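# An overview of the molecular structure
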Amino acid sequence: MPARPSTFSIAARDPETDAVGVAVQSKFVSVGAVVPFVSADAGAIATQSFANVAYGPDGLDLLREGRDADAVVEELTSEDDEAPARQVGVVGLDGEPAAFTGEECHDYAGDLQGEGYTVQGNILENAETLTAMAEAFEGTDGGLPERLIAALHAGNAAGGDKRGEQSAALYVAKPEGGYDGRNDRWIDVRVDDHERPIDELERAFKIYDVTLLEREAPDETRELTGDAAAAVATTLADLGFLDESDATDVDVFGEPHREALETFRGMNNFENHPVPVLEDAIARGWDEADGEGEARLVDAVWHGLSRLDRV
């Protein structure tokens, strides 16, 4: 029998944006290559615990045919002699989600459903892992990706995997949500091997978000002034985008600083956002941002853009 990773996951949909997705963490390398299957025209499936990866494409096909989640789970597991060792969660584009936890899954193993989502896990520290995931998903503001990541953090904090952490993944589909609108792969971020994979997943997602996802235009923009302007100018100089002479005694962002910010934008592939929008985002997000240097600059952009809806 192949290795059976300890895993917890959430599959969910967001009817407001027509997005469906899976977030997962496991004491197993490259869990994103095994557990999550999503399609904007069908739904989201998480297959785990001695995973039968055929559950993913086969289940999505059944959802496309109009089967509800319960029927999909029943058909997948009833034809599988090894289903007692497996676990699967299914969310369609409408209707109630469903899940299956085989009786041979290692404790603690279980699943829990709510409106538009299902959480499931095996070889967990406790049942509270799943309860915490559900509560976090329901209680977190923001879009589907933020809510999915919040569920992973909450499950991990409540107990998580008995065997520890190794990899995590976030996979979300939305109609025409992919690069240049050519497919539905809206968000696809993986951490294959890391001591703190959920933290790393969130960090990578923020860069992905700023780089590849678009936001509504703000009604108004702010200019960088005061301590934030001085700190950002120093950071841009340290990164080599601004002359040192233009980084001293800065109280208000001026033309050389915006030219440096535009260079920074190009070097980091942030062309989705005009320079005035980036400056506004940094002005709003600087105090909330974490890290130092370039890491804080990017985190400030993400925090400042977060008030704007994705498109």
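So, how was this worked out
- Counting of residues starts from 1 at the beginning of each chain's written sequence and follows it residue by residue.
- For this predicted model, a pLDDT threshold of at least 70 governs which residues receive local features, and a threshold of 80 or more governs which side-chain atom pairs are given and counted, while totals over whole chains, interfaces and linings are taken from all residues.
- No hydrogens and no water enter the side-chain calculation; it runs on all heavy atoms of the structure.
- For this document, the term salt bridge refers to a Lys or Arg side-chain nitrogen within 4 Å of an Asp or Glu carboxyl oxygen.
- Exposure categories follow from relative accessible area, calculated using a 1.4 Å probe and restricted to protein chains: below 20% of the type maximum is buried, above 50% is exposed, and the middle band is partly exposed.
- Any pair of Phe, Tyr and Trp rings, taking the six-membered ring for Trp, is counted once the centres come within 6.5 Å. Such a pair is stacked with planes under 30 degrees apart, edge-to-face with planes over 60 apart, and tilted for the rest.
- Going along the chain from the N terminus, every DSSP run of H or I of four or more residues is numbered as a helix, and every run of E of two or more is numbered as a strand.
- Criterion for a charge above a ring: Arg CZ or Lys NZ at most 6 Å from the ring centre, at most 35 degrees from the ring normal.
- Strands were regarded as paired on the criterion that DSSP finds at least two bridges between them.
- Axes here mean lines fitted to C-alpha atoms, for a helix over just the part in contact, with angles spanning 0 to 180 degrees between N-to-C directions.
- What makes two residues a contact is simply this: any of their non-hydrogen atoms within 4.5 Å.

## Digging into the pattern of salt bridges
This model, assessed by the stated rule, comprises 20 salt bridges. A salt bridge links Arg86 to Glu82; the nearest nitrogen and oxygen atoms lie 3.2 Å apart. According to the relative accessible area criterion, Glu82 is partly exposed, its value standing at 40%. Linked through salt bridges whose partners overlap, the residues forming this network are Glu146, Asp209, Arg215 and Arg310.

## Section: the packing of aromatic side chains
This structure, assessed with the given rule, holds three aromatic pairs. With a centroid separation of 5.1 Å and 55° between ring planes, the pair formed by Tyr117 and Phe137 is classed as tilted. Of the two residues, Tyr117 is situated in strand S8 (residues 117-122) and Phe137 in helix H3 (residues 128-139); the sequence distance between them amounts to 20 residues. The exposure classification of Tyr117 matches that of Phe137, with both residues buried. By the ring-pair criterion, three or more aromatic residues cluster together here, those being Phe241, Phe264 and Phe270. A cation sits over an aromatic face here: Arg86 above Phe50, 4.6 Å from the ring centre.

## Topic: the sheet that holds strand S6 (residues 98-101)
The strand order across the open sheet built from four strands is S3-S4-S5-S6, with neighbouring strands paired in antiparallel fashion. Unpaired on one side and paired on the other, strand S3 (36-39) and S6 mark the two borders of the sheet. Between one strand axis and the next, the sheet turns through 5° on average, direction left out of account. Across four bridges, the pairing between S3 and strand S4 (residues 43-48) is antiparallel. If you follow Val38 over to S4, its bridge partner there is Ala44. Here helix H1 (residues 55-64) sits on the sheet and contacts S3, S4 and strand S5 (87-92); the angle it forms with S4, its principal contact strand, is near 150°.

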